[in-house]
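Coordinates in review
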Amino acid sequence: MTTMTENASGLREFKMPDVGEGLTEAEILKWYVQPGDTVTDGQVVCEVETAKAAVELPIPYDGVVRELHFPEGTTVDVGQVIIAVDVAGGSAPTGQAPVAVEAPVAEAPTAPTPQPPVAEEPKPEGRTPVLVGYGVAEASTKRRPRKGTEVPAQQPETFLAATAIQGELNGHGHGSVPGGQRPLAKPPVRKLAKDLGVDLATITPSGPDGIITREDVHAAVAPVPAAEQPAVTAPPVPAQAQAPAPVVMYDTARETRIPVKGVRKATAAAMVGSAFTAPHVTEFVTVDVTRTMKLVEELKQDKEMQGLRVNPLLLIAKALLVAIKRNPDVNASWDEATQEIVLKHYVNLGIAAATPRGLIVPNIKDAHTKTLPQLAGSLGELVATAREGKTSPAAMQGGTVTITNVGVFGVDTGTPILNPGESAILAIGAIKLQPWVHKGKVKPRQVTTLALSFDHRLVDGELGSKVLADVAAVLEQPKRLITWA
């Protein structure tokens, strides 16, 4: 994807890149530069938040900041220009993009002298378009005046030139249109109108420069049945139909409305998709983890674990890895497109982490190959990075099974929702001192409740029960980490 353009004056425009895989937008969290600042190649100019993580964006050239196109807190589509930089010795081949995109109608008066833009035509087409209509509109704006030389002789007005441009953009010539003016609309919108049987000439455009948008087309479809009713009844009906629109009232003194975006938006979509796609089954087991807690204290004193994060989560993670090794079919995913169960011969262990920006699930790659000290180091790094808000999108992709520790909030257990693309998630409850029958006597023991949710399409009750029972068995008798591993 092309993330920058340059014009004849040496002004380069840096566009919002796709910092993840297939992301469509990002929010600008913070600008590190201001207009007039000097920047160097590789210097970080801003921090953005995608649906997956916060990422710092470096500028790919030297120069002086001319303009910041969006303020902090703005959500910007991938491909939109976010910063303009003056550079030395800039060349002009690709500099016409911003002009064609921002004001196609304003450039229309140049239609009578079309020859110079013709020479420029192949170059814009050579670059990769960033947004739908972005690169295409540019080439069309330059190409149309060459064919429209017949029209200016009769009517060189600005709107007529714009009509010629739009006619070419939409793949039509100077066909007869009522009033001689063709509605402005991008090809996808024009096709939508054609599919829905809507005449663009009857639509009032709401887009910039009088361009008809998709919303305009959809809005034009809805009133069709209602428009027939007033003719039969009475004129006041349309007025009544529009009345409910401004009735929405909010008590701003007693309520606060927070826009749903970034990590929160992605999490919401993922959870809804998972909950209503994968048939969840959750099983529970309460287990005496007194021996595990003693082992945690012993490991803290072990020289091999010095400087590492040692806590119950470490041994629970190791117990789950052992259970997966004994029951490998649980480490799989459901491929709806091919109707196949995909068995994973690796374990990317996800750890659900609550951050100021919302819930994220980074994962430890190939966790099944790590020794206990290596696993402890990976867990410590994962948690620290998440708390700082520096988790990369790559760290949150490719997980196979997840652990969520709700016990840190004093909660006994829960019914966790699967991370999309995974088949199981283990919830850890609070570890509490409780009366427990131990060796025939009631004694105070450290007890917790585990909950395992799994996708019942590929994990049967027997398999899910075996996995949960194995995790509990290891935590009850940690020596099984050796005998079973």
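Note that this is a predicted model, so its numbers are computed, not measured.

This part covers the overall build of the chain. The helix and strand tally for the chain stands at 15 helices and 22 strands. For the chain, the proportion of its 485 residues judged to be buried stands at 42%. For the chain, the share of sequence-separated contacts (at least 6 apart) that also reach a separation of at least 24 residues comes to 61%. Put simply, the chain shows about 25300 Å² of open surface, and 56% of that area lies on carbon and sulfur atoms.

This paragraph deals with the confidence of the model for the chain. Model confidence for the chain is summarised by a mean pLDDT of 77, while 71% of its residues fall at 70 or above. Per-residue pLDDT, averaged within each element of the chain, yields its smallest value for helix 1 (residues 97-102) (38) and its largest for helix 12 (residues 312-326) (97). This stretch, residues 89-179, has a pLDDT under 50; its non-local contacts, to residues over four places away or in other chains, come to 120 contacts. The model gives residues 223-232 a pLDDT under 50, and that stretch makes 3 contacts with residues more than four places away or in other chains.

Right, let's get into the pattern of salt bridges. Summed over the entire model, instances satisfying the criterion amount to 10 salt bridges. Across the pair R66 and D86 runs a salt bridge, and its minimum N-O distance is 2.8 Å. Here R66 is found in strand 7 (residues 63-68), whereas its partner D86 is found in strand 9 (residues 81-86), with 20 residues between them in sequence. Since its relative accessible area comes to 45%, R66 is described here as partly exposed. Across the pair E336 and R457 runs a salt bridge whose closest N-O atoms are separated by 3.7 Å. In this pair, E336 is assigned in the loop between strand 13 (332-335) and strand 14 (340-343) and R457 in the loop between strand 22 (441-455) and helix 14 (461-476), connecting sequence segments 121 residues apart.

With 16 residues, helix 14 should reach 22 Å at 1.5 Å per residue; the first-to-last C-alpha distance of 22 Å fits that figure. Here helix 14 has its buried residues at L463, G464, V467, L468, D470, V471, A472, A473, V474 and L475.

Take the side chain of N348 next. As for its placement among the helices and strands, N348 is situated in the loop between strand 14 and strand 15 (349-351). In this structure N348 comes out as buried when scored by relative accessible area, which is 8%. Reaching out from N348, the side chain makes a polar contact with the backbone oxygen of G398 at a distance of 2.8 Å. Ignoring anything within four residues of it in the chain, the contact list for N348 reads N363, I364, K365, D366, G398, G399, T400 and V401.

Considering the arrangement of structural elements, one finds Q374 in helix 13 (residues 372-387). Q374 sits 66 residues away from L308 along the chain, and the two C-alpha atoms are 9.1 Å apart.

For the rest of this paragraph, the subject is the nonpolar core. Residues L320, L349, I403, L426, L450 and V471 are the most contacted members of the largest nonpolar core, which totals 48 residues. Secondary-structure elements contributing two or more residues to this core are helix 11 (290-300), helix 12, strand 15, helix 13, strand 19 (401-405), strand 20 (424-428), strand 22 and helix 14. With residues up to four places along the chain from it excluded, the contact list for V471 reads A319, L320, A323, L426 and L450. Core analysis: the second largest hydrophobic core is formed by 23 residues, V55, L68, V76 and V85 among them.

Right, let's talk about the packing of helix 12 against helix 14 for a bit. Any two packed helices are characterised by the angle at which their axes cross and by the distance between the axes. Close contact between helix 12 and helix 14 brings their axes to 8 Å; oriented N to C, the two are set at 135°. Considering their axes alone, helix 12 and helix 14 lie oblique with respect to each other. Where helix 12 crosses over helix 14, the two elements pack in a sense that is right-handed. From helix 12, L315, I316, A319, L320, V322, A323 and R326 reach across to helix 14, where they touch V467, D470, V471, V474 and L475. Taken together, the residues of the contact of helix 12 with helix 14 sort by class into 10 nonpolar, no polar and 2 charged.

There is a patch of like positive charges on the surface, built from K294, K439, K441 and K443. Classification of K294 by relative accessible area gives exposed; the value is 52%.

Summarising the sheet, strand 21 (residues 432-438) and strand 22 pair through 7 bridges and their orientation is antiparallel. In the strand pairing of strand 22, V437 is matched with V442.

Bringing the sheet that holds strand 3 (residues 25-31) into the picture now. Pairing within the open sheet is antiparallel, and its 4 strands lie in the order 6-5-3-8. Strand pairing shows two members of the sheet lacking a second neighbour, strand 6 (54-58) and strand 8 (75-77), which therefore form its edges. On average, each strand axis in the sheet is tilted by 40° relative to the strand beside it, whichever way the strands run. Bridge analysis of strand 5 (residues 44-49) against strand 6 gives 5 bridges, and the strand direction is antiparallel. Bridged to E47 within strand 6 is E56.

Bringing unusual backbone geometry into the picture now. For Q339, which is not glycine, the phi dihedral falls at a positive 55°. For Q339, the location among the structural elements is in the loop between strand 13 and strand 14. The backbone of D366 shows a phi angle near 50°, a positive value even though the residue is not glycine. In this fold, D366 is placed in the loop between strand 18 (363-364) and helix 13. Relative accessible area serves as the criterion here: at 36%, D366 is assigned to the partly exposed category.

This next bit is on helix 12. Taking 1.5 Å as the rise per residue, helix 12 with 15 residues should run 21 Å; its terminal C-alpha atoms sit 21 Å apart, in good agreement. When you tally the buried positions in helix 12, you get 12 out of 15 residues, the bulk of the element. Every buried residue of helix 12 is accounted for by L313, L314, L315, I316, A317, K318, A319, L320, L321, V322, A323 and I324.

Criteria and thresholds
- Residues numbered from 1 in each chain as written.
- Predicted model: local features only at pLDDT ≥ 70, side-chain atom pairs only at ≥ 80, totals over all residues.
- Heavy atoms only, no water.
- Helix = DSSP H or I, 4+ residues; strand = E, 2+ residues; numbered from the N terminus.
- Buried < 20%, exposed > 50% of the residue type's maximum accessible area, 1.4 Å probe, protein only.
- Contact = heavy atoms within 4.5 Å.
- Areas by Shrake-Rupley, 256 points an atom, 1.4 Å probe, with all protein chains shown as cover.
- pLDDT = per-residue confidence, 0-100.
- Salt bridge = Lys/Arg side-chain N within 4 Å of Asp/Glu carboxyl O.
- Expected span 1.5 Å × (residues − 1).
- Polar contact = N/O pair within 3.5 Å; in protein donor to acceptor, adjacent residues only side chain to side chain.
- Core = buried A, V, L, I, M, F, W, Y, C linked by side-chain atoms within 4.5 Å.
- Axes fitted to C-alpha atoms, helices over the stretch in contact; angles between N-to-C directions.
- Parallel < 35°, antiparallel > 145°, perpendicular 65-115°, else oblique.
- Left-handed = near helix turned anticlockwise from the far one by under 90°.
- Nonpolar A, V, L, I, M, F, W, Y, C, P; charged D, E, K, R; others polar.
- Patch = residues over 30% accessible without salt bridge, like charges linked within 9 Å, V, L, I, M, F, W, Y side chains within 5 Å.
- Lys, Arg positive; Asp, Glu negative; His and termini not counted.
- Charge placed at Lys NZ, Arg CZ, Asp CG, Glu CD.
- Pairing = 2+ DSSP bridges.

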